[in-house]
Amino acid sequence: MRDILEELPHALLSDPTRESEDPGVPRELHDDDLVRPAAEEDLPVDAHRSKRSPLARHVEVVIDPFDPRQPTQLGLTLAVEGQRVRSGEFTIGFVHQGVERRAVGLGVDDVELASLLAPVAPGLITQLAMARAVERLASFTPDALTSLWRALAIDLVGVAEHSRALLLTMRRSPRLMPALAQTTSAADVALEGIDGGHRLGHPFGLRTAVPDDEMSTLRRRLDDIERALRGVDDARMLAALAHLKGAGVLDIEHAREIGIDGPALLAAGGVPTLAVDLGHDLANLHQGGAHVGCTVARVEVHLQLLRAAVQRLPRHLARIATHDGANHEICSRPTSLSGTHDAFIYGPGGTTACIIDVQAGLVNRLRIRPPELPLLLGVSRALRGVRLDDVSEVVASFGLHASALDR
Amino acid sequence: MNERHLIALLAARLPRVSVRAGRLDGDTEVLEVPASSLVPVGRFLCSDADAAYDLVDITAIDRWPTTAGKPRFLVVVLLCSRTHRSRARLEIEVDDDVSAWPSLSPVWPAAALYEREVMDLMGLHPDGHPNPRRLLLPESFAGHPLRLDYRRTKHQPQVVPPERGAGVVIDVDGGTS
């Protein structure tokens, strides 16, 4: 944000006196309390447009790489008053892959299609959502071993995503970043190893047994994650974010109104969504801490979810190692399916929903909805009244995937 | 909830509202709701303490060209109730010549964006929507690329606002999803 202000020094009408009265604490904005130019003529002139510029009160933030000749894929426009955000609005562009349309006419187990949706949501979550919808369509219950592997994989995704959200939130605290970066990287590596080799997101379960040497490799990866996480000092992180207490609030009423779940809902004091597909138990999580709904609360929730996921990883692996049941034979899958079915997967960012309509074994409609769209609305609301210097932390605490709508 | 809990609940609480059928899809209760009953049914499912459903998603399915005597489109509303740990799916059939259904935005504000997406990509208009504009595609885009009679390989010139530079042509490859 500072970089933007350096590029656009006239973008703000600063009011340092007002800021110094109450640093770090968001205040309510009132129309009679805003710093405005006395008249429209006071606005600076934008040489490119030869008219009075809106830059005096608006800052446009482009989140994704984009071609400057085209509308942005995802942009955030901030209306500012003094040093604070009056409102934030996301602009959705239209650079899309057409994945859902390309699914039409393909077979139901063409999971590679769902993987194209990454990074809409973590790729494995979208694959699993599609896989579960197909399995429900076929009245197919995955065997226990497949469910254990999937639970392990989802927790690995959780470790990667929660630590990534924390890493982005802590970008202004360089001493805290290495451990978070190592945690993120170790989880990514572990996930790539098991997902790439065994296609855990494939409908109808595992296709191959996992060799012993790969299990050994995975154990070492989980050790790497635990070791990296030991360098994450929760107290130091929260202390570094003390200036954000009470900032970036999304309360429970609005979170539910706009359909948010996942960490942002937990931080607002809400009950987590239905985690029935893979049996995650989120009931014992401390929700929101002392500053319900604010940026610090979301960081607290990410930390708790991260640590809970890391604690579950060795338990998953132990159960997989001692599992002695037979896998389903892949040939038992149905050959011709028809109908409409849905499935929900509770991932690290919230619920990913899939609905699939199949006619004679071929996809007629595939829809995978990650939890991104409500989060964009939630960020917009949470940014109101936030100091410009704090915008990046508030946005990062939501764990957004900026390519949310590139489908 | 018990099997077909919602259909019984609706019959008891909203006796004048017709719901065509209720069935179970795994642990999801599916209700086929006439368009005329959608808003009262939605309002009940959202606000009644015995239901308390939150909106998860709204999308639509195009049955073209083999509609088997049914209306061409099926609007699908996914719901979940954290209070009662249950899921529901509302299915609303929409004729091609009508191409409209009642907006659920007054019931669940989160519906607004999903309805814009359905309108944008499938060409079905949510009546009563507070901001019925395209969501993902430019206003100049002709057609609705998720309709199955929209040619997958069709290209359209992208009209770029003057301040962004010269116009370019992008490959929409069947449009967006």
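What counts, and where the lines are drawn
Residues numbered from 1 in each chain as written. Chains lettered and ligands numbered in written order. Predicted model: local features only at pLDDT ≥ 70, side-chain atom pairs only at ≥ 80, totals over all residues. Heavy atoms only, no water. Helix = DSSP H or I, 4+ residues; strand = E, 2+ residues; numbered from the N terminus. Buried < 20%, exposed > 50% of the residue type's maximum accessible area, 1.4 Å probe, protein only. Contact = heavy atoms within 4.5 Å. Areas by Shrake-Rupley, 256 points an atom, 1.4 Å probe, with all protein chains shown as cover. Pairing = 2+ DSSP bridges. Expected span 1.5 Å × (residues − 1). Arc of directions from axis to C-beta. Axes fitted to C-alpha atoms, helices over the stretch in contact; angles between N-to-C directions. pLDDT = per-residue confidence, 0-100. Core = buried A, V, L, I, M, F, W, Y, C linked by side-chain atoms within 4.5 Å. Polar contact = N/O pair within 3.5 Å; in protein donor to acceptor, adjacent residues only side chain to side chain.

**Some words on the overall build of chain B**
Part 1 of the reasoning: For chain B, the helix and strand inventory stands at three helices and nine strands.
Part 2 of the reasoning: Its helices and strands in sequence order give chain B the pattern α-β-β-α-β-β-β-β-α-β-β-β, from N to C terminus.
Part 3 of the reasoning: A buried classification covers 55% of the 177 residues belonging to chain B.
Part 4 of the reasoning: A sequence separation of at least 24 residues applies to 49% of the contacts in chain B between residues at least 6 apart.
Part 5 of the reasoning: In the structure as shown, chain B presents an accessible area of about 7500 Å², 52% of it carried by carbon and sulfur atoms.

**A few points about the pairing of strand β1 (residues 21-25) of chain B**
All names here are of chain B.
Part 1 of the reasoning: Across five bridges, β1 lies against strand β2 (residues 28-32) in antiparallel orientation. Each residue of the ladder has a partner; that of D25, found in β2, is T28.
Part 2 of the reasoning: Adjacent in sequence and paired antiparallel, β1 and β2 are bridged by two residues, among which G26 carries a positive phi angle near 65 degrees.

**A few points about the environment of M130 of chain A**
Part 1 of the reasoning: Along the chain, M130 of chain A turns up in helix α5 (residues 123-137).
Part 2 of the reasoning: For M130 of chain A, a relative accessible area of 2% puts it in the buried group.

**Some details on unusual backbone geometry**
Part 1 of the reasoning: The omega angle of the peptide bond from W64 of chain B to P65 of chain B is 0 degrees, so this bond is cis rather than trans.
Part 2 of the reasoning: Take P65 of chain B: it is sitting in the loop between β3 (54-62) and β4 (73-81).
Part 3 of the reasoning: Positive phi, close to 50 degrees, is recorded for S139 of chain A, a residue that is not glycine.
Part 4 of the reasoning: Assignment of secondary structure puts S139 of chain A in the loop between α5 and α6 (144-169).
Part 5 of the reasoning: A positive phi angle is found at A52 of chain B, which is not glycine, with a value near 55 degrees.

**Looking at helix α8 (residues 212-230) of chain A**
All names here are of chain A.
Part 1 of the reasoning: Between its terminal C-alpha atoms α8 stretches 27 Å, which fits the 27 Å expected from 19 residues at 1.5 Å a residue.
Part 2 of the reasoning: If you check which residues of α8 are buried, you get M215, L218, L222, I225, A228 and L229. Angularly, the buried residues of α8 cover 140 degrees about the axis, an arc narrow enough to put them on a single face. Seen from the open side of α8, the exposed residues pointing more than 90 degrees away from its buried face are D212, D213, R220 and R230.

**Structural notes on the sheet that holds strand β6 (residues 339-347) of chain A**
Residue and element names in this part refer to chain A.
Part 1 of the reasoning: With antiparallel pairing, three strands are arranged side by side in an open sheet as β6-β7-β8. Across the chains shown, the open sheet's two edge strands, defined by having one partner strand only, are β6 and β8 (362-369). Between one strand axis and the next, the sheet turns by 15 degrees as a mean value, whatever way the strands run.
Part 2 of the reasoning: The pairing of strand β7 (residues 350-359) with β8 spans seven bridges and is classified as antiparallel. By the bridge assignment, V358 is partnered in β8 with V363.
Part 3 of the reasoning: α5 contacts β6, β7 and β8 of the sheet and is inclined by roughly 140 degrees relative to β6.

**Re the confidence of the model for chain B**
Predicted coordinates in regions of low pLDDT should not be interpreted in detail.
All names here are of chain B.
Part 1 of the reasoning: Summing up the model confidence of chain B, the mean pLDDT is 83 and the portion of residues at 70 or higher is 86%.
Part 2 of the reasoning: The element-level mean pLDDT for chain B is lowest in strand β9 (residues 168-170), coming to 38, with strand β7 (residues 125-127) highest at 96.
Part 3 of the reasoning: Here residues 164-177 is a poorly scored stretch, pLDDT under 50, and it has 58 contacts once near neighbours within four places are set aside; other chains count.
Part 4 of the reasoning: Taken over the whole predicted complex, pTM reads 0.81, whereas the ipTM for its chain interfaces reads 0.85.

**Quick look at the sheet that holds strand β5 (residues 86-94) of chain B**
Either a parallel or an antiparallel arrangement is found when strands of a sheet pair, and the pairing is made through backbone hydrogen bonds.
All names here are of chain B.
Part 1 of the reasoning: Spatially, five strands are ordered β1-β2-β5-β4-β3 in an open sheet, and the strand pairing comes out mixed. The sheet terminates laterally at β1 and β3, the two strands that pair on one side only. Looking at each pair of strands side by side, their axes are set apart by 20 degrees on average, direction ignored.
Part 2 of the reasoning: In the packing of helix α1 (residues 5-13) onto the sheet, contacts are made with β1, β2 and β5, and the angle to β2 comes to roughly 45 degrees.

**Focus on the nonpolar core**
Part 1 of the reasoning: Counting 72 residues, the largest nonpolar core has W149, I225 and M237 of chain A as its most contacted members.
Part 2 of the reasoning: Beyond its immediate stretch of four places on either side in the chain, M237 of chain A contacts L166, M170, L176, L180, V232, V299 and L303 of chain A.
Part 3 of the reasoning: Counting 66 residues, the second largest nonpolar core, distinct from the first, contains L76 and V80 of chain A together with V41 and L137 of chain B.

**Some thoughts on the side chain of R82 of chain B**
All names here are of chain B.
Part 1 of the reasoning: The topology assignment puts R82 in the loop between β4 and β5.
Part 2 of the reasoning: By relative accessible area, R82 is classed as buried at 12%.
Part 3 of the reasoning: Of note is the side chain of R82, whose polar atom sits 2.4 Å from the side chain of D54.

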